[in-house]
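# Structural overview for review
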Amino acid sequence: MEPEAGPVLYQKLQVWEPSLESEEEEEEISEQLIPDASRPHDSSGFSLAVRQLCSSGASPGTLGSGAAPASGHSHRPGMYHHSAIISPAAECSRLGRELFVAGGNIVDAGVGAALCLAVVHPHATGLGAMYWGLFHNSSSGNSTALTSGPAQTLAPGLGLPAALPALHMLHTHFGRLPWPHLLVGPISLAQKGFLVDTSLASALAAQDTKGLCPLLCHANGTPLGPGTRVTNTKLAAVLHKASLAPTPDLSGDALLSLLAEDLGLEGPSVGPRPTLEPALQLPVPQGILFTTPSPSAGPELLELLEASLQSTGPSPAPCPALLQAAAAPRSSVLATVDSGGSVLLLTSSLNSSFGSGHLSPSTGVLLSNLVAESAAGAWACPLIFRGISDDTEVDVLGLVASGTPAAATVMTHALLSHLARPQTPDQQGPTESPRACGQGTLLQVAAHTEHAHVSSVPSGCCPFQGF
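Residues numbered from 1 in each chain as written. Predicted model: local features only at pLDDT ≥ 70, side-chain atom pairs only at ≥ 80, totals over all residues. Heavy atoms only, no water.

## Focus on the pairing of strand β4 (residues 142–147)
The element β4 is extensively covered by neighbouring structure, given that five of its six residues are classed as buried. Both strand β3 (residues 130–137) and β4 contribute to a ladder of six bridges, which runs antiparallel. From the neighbouring strand, Phe135 faces β4, where its bridge partner is Thr144. In this antiparallel pair of consecutive strands, β3 and β4, the connection spans four residues, and Gly141 shows a positive phi of 80 degrees. Summarising the sheet, β4 and strand β9 (residues 275–278) pair through four bridges and their orientation is antiparallel. Bridged to Thr144 within β9 is Pro278. (Buried < 20%, exposed > 50% of the residue type's maximum accessible area, 1.4 Å probe, protein only. Helix = DSSP H or I, 4+ residues; strand = E, 2+ residues; numbered from the N terminus. Pairing = 2+ DSSP bridges.)

What follows is the structure in structure tokens.
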């Protein structure tokens, strides 16, 4: 069931105001990825943000910096007055922050960063990926789940791409900035080039590069190393065409028609049908839990949490040893939060590292090997906890995991660890890193006492930005 159309506007995320710089600025302005002040734009708020950023005279900041401004007002790293984003790639976290500064809300920042990851992390995600998302709107108190729908087959062994229609649908219902603005940064990275980071280089070193060349290989066929510049002009063209699509369906069709030509199909397959529906809920004594419905791992997560809370209360059991050795699908996660308590969690996957390994020559897109027979969604169970208290302060916590074979167990352990922590009146909020089982990645975002918090396990895995 789809919610009614229409963007949700968050009071906490107004267009940048110079008065915010005096007491509340948490870090120096970072280098602009978008927007480009020399190009025309159709949003007055977007242009205003550009002028104010350029005239502020601030020097480039550090990712995740919590340095004190001249006034001496400061917070620990990962704590911000307004909003924050955390993702596996520095470029994408920075791009998300620039969308915040341009007047966007957490959906704008999250979707823009997801499209950025589709360019710079083709080993983990991309336009060929499937997406799950969980969005909590603090204004209405509602939580909405995004799903790409059941896995479908485009051709034998090749999954039907679902990223563009899913992300465009999410933005259509809840974003603030115009859709084309979210693609300016990703298009620029694909067209002008991005640097291979450690995560991508490690995946390339462990992968048979057959099918990935020439995009991700040197002329002699060896995989690219860290710091090598990569361009993907075909992908830039697809993103540009998608930026002009007025509806989510047409956004996906821009890619499908080209893929059909590449594969010699008679015509484009029926596009994926992403959905937005109410999130699953589980009331608990401490508040309400929200997650994604089947065919994700969300229902399994709620069963584990309910059983644990009923039997032992908020006391996490030791991590099972088997989590350390089992294999897991390759996936990508990101999270955004504002100080009012709105949270967006996104998780996506190509199934295997680099998906099917099939690089479409007309689009620059790596297709997934998530097909109809795959256990699609078993890696996805984003979790939002909305706490209750005796006063007017309501805390919101978001958790999302990747790279672990038992995501539901990891999330259960992390939430129970959070609930078991003693709470004190002067506590600064959940800024310390959560604990996790296994060797995967766990992102945590939270809103506490009108501040936004971000952290991760491992602590240095995922650059964050905020203001």
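## Brief notes about the state of the cysteines
Under the counting rule described, the total for this entry stands at two disulfides. Disulfide partner of Cys92: Cys116, at an S-S distance of 2.1 Å. With the S-S dihedral at roughly -80 degrees, the linkage between Cys92 and Cys116 falls on the left-handed side. Linking Cys92 in helix α3 (residues 90–101) with Cys116 in helix α4 (residues 106–120), this pair joins segments that are 24 residues apart in sequence. When its relative accessible area of 0% is taken as the criterion, Cys92 is described as buried. Paired by a disulfide, Cys213 and Cys217 hold their sulfur atoms 1.9 Å apart. Taking the sign of the torsion about the S-S bond as the criterion, the disulfide between Cys213 and Cys217, at about -80 degrees, is left-handed. Judged by relative accessible area, which is 34%, Cys213 ranks as partly exposed. (Disulfide = S-S within 2.5 Å.)

## Observations regarding the confidence of the model for the chain
When pLDDT is averaged along the chain, the result is 79, and 73% of the positions lie at 70 or above. Counted against residues more than four places away or in other chains, residues 1–72, with its pLDDT under 50, gives 156 contacts. Segment residues 322–326: pLDDT under 50, and nine contacts once partners within four positions in sequence are set aside and those in other chains are kept. (pLDDT = per-residue confidence, 0-100. Contact = heavy atoms within 4.5 Å.)

## Some details on the sheet that holds strand β18 (residues 464–466)
The sheet built from seven strands is open, its strands ordered β9-β4-β3-β13-β12-β2-β18 with antiparallel pairing. Of all the strands in the sheet, just β9 and β18 have a single pairing partner and so form its edges. Neighbour to neighbour, the strand axes of the sheet diverge by 15 degrees on average, direction disregarded. Strands β3, β4, β9 and β13 (343–351) of the sheet are contacted by helix α5 (residues 163–174), whose axis makes an angle of about 50 degrees with β9. (Axes fitted to C-alpha atoms, helices over the stretch in contact; angles between N-to-C directions.)

## Here we look at the nonpolar core
Side chains of nonpolar character tend, in soluble globular proteins, to be buried together. Of all hydrophobic cores here, the largest spans 74 residues; its most connected members are Val120, Leu127, Leu170 and Leu346. Other than its neighbours up to four places away in sequence, Leu170 contacts Val107, Val111, Leu146, Gly175, Leu276, Leu344 and Leu346. In terms of nonpolar packing, the next biggest core, distinct from the first, is built from 25 residues, Val284, Leu302, Leu416 and Ala446 among them. (Core = buried A, V, L, I, M, F, W, Y, C linked by side-chain atoms within 4.5 Å.)

## Thoughts on the pattern of salt bridges
As enumerated under the stated definition, the model contains one salt bridge in all. Close ionic contact of Glu91 with Arg94 constitutes a salt bridge, the shortest N to O distance being 3.5 Å. Within this pair, Glu91 and its partner Arg94 are both found in helix α3, separated by three residues, close to a single helical turn. Take Arg94: its relative accessible area is 15%, and that puts it in the buried class. (Salt bridge = Lys/Arg side-chain N within 4 Å of Asp/Glu carboxyl O.)

## Notes on the side chain of His123
Here His123 lies in the loop between α4 and β3. A distance of 3.0 Å separates the side chain of His123 from the side chain of Ser199, its partner in a polar contact. Apart from residues lying up to four places away in sequence, His123 is in contact with Ser199, Leu200, Ala203, Arg330, Leu350, Ser352, Ser353 and Phe354. (Polar contact = N/O pair within 3.5 Å; in protein donor to acceptor, adjacent residues only side chain to side chain.)

## A closer look at the packing of aromatic side chains
What describes a pair of aromatic rings is the distance from one ring centre to the other and the angle between the planes of the rings. With the rule as written, the count across this model stands at three aromatic pairs. Judged by centre distance (6.5 Å) and plane angle (65 degrees), the rings of Tyr80 and Phe464 are edge-to-face. Linking Tyr80 in strand β1 (residues 79–80) with Phe464 in strand β18, this pair joins segments that are 384 residues apart in sequence. The same class applies to Tyr80 and to Phe464, which are both buried. Judged by centre distance (4.7 Å) and plane angle (45 degrees), the rings of Phe135 and Phe174 are tilted. Here the residue Phe135 occupies a position in strand β3, and Phe174 occupies one in helix α5, the gap between them amounting to 39 residues. Assessed through its relative accessible area of 1%, Phe135 is described here as buried. Since its relative accessible area comes to 7%, Phe174 is described here as buried. (Phe/Tyr/Trp six-rings, centres within 6.5 Å; stacked < 30°, edge-to-face > 60°.)

## Quick look at the sheet that holds strand β15 (residues 396–402)
Note on sheets: strands pair through backbone hydrogen bonds, and any given pair is parallel or antiparallel. Read across the open sheet, the seven strands follow the order β1-β17-β16-β15-β14-β11-β10; overall the sheet is antiparallel. Bordering the open sheet on either side are β1 and β10 (280–284), each of which pairs with just one other strand. Across five bridges, strand β11 (residues 287–291) lies against strand β14 (residues 383–387) in antiparallel orientation. Residue Thr291 lies in a different strand from β14, and its bridge partner there is Leu383. Its contacts with the sheet put helix α10 (residues 298–311) on β10, β11 and β14, and the angle it makes with β10 is roughly 5 degrees.

## Structural notes on helix α7 (residues 198–205)
Among the residues of α7, Leu200, Ala201, Ala203 and Leu204 are the ones counted as buried. Mapping the buried residues of α7 onto a view down its axis gives an arc of 165 degrees, with all of them on the same face. α7 presents Thr198 and Ala205 as exposed residues on the side facing more than 90 degrees away from its buried surface. Among the structural elements, α4, β7 (194–195) and β12 (330–338) are those in contact with the buried residues of α7. (Arc of directions from axis to C-beta.)

## Side note on empty space enclosed by the protein
To find leftover empty space, a probe the size of one water molecule is rolled over the atoms. One pass over the full model with this rule turns up four cavities of 30 Å³ or more. Taken as a whole, the largest cavity holds about 140 Å³ of empty space. For the largest cavity, the lining is made up of 18 residues, of which Ala118, Pro122, Asn232, Leu235 and Gly364 are closest to its centre. Among the residues forming the lining of the largest cavity, the class breakdown is 13 nonpolar, five polar and no charged. (1 Å grid on protein atoms, 1.4 Å probe; cavity = no way out; pocket = protein on both sides within 12 Å on 5 of 7 lines; lining within 4 Å. Points joined across faces, edges and corners; volume = space filled by probe spheres on them. Nonpolar A, V, L, I, M, F, W, Y, C, P; charged D, E, K, R; others polar.)

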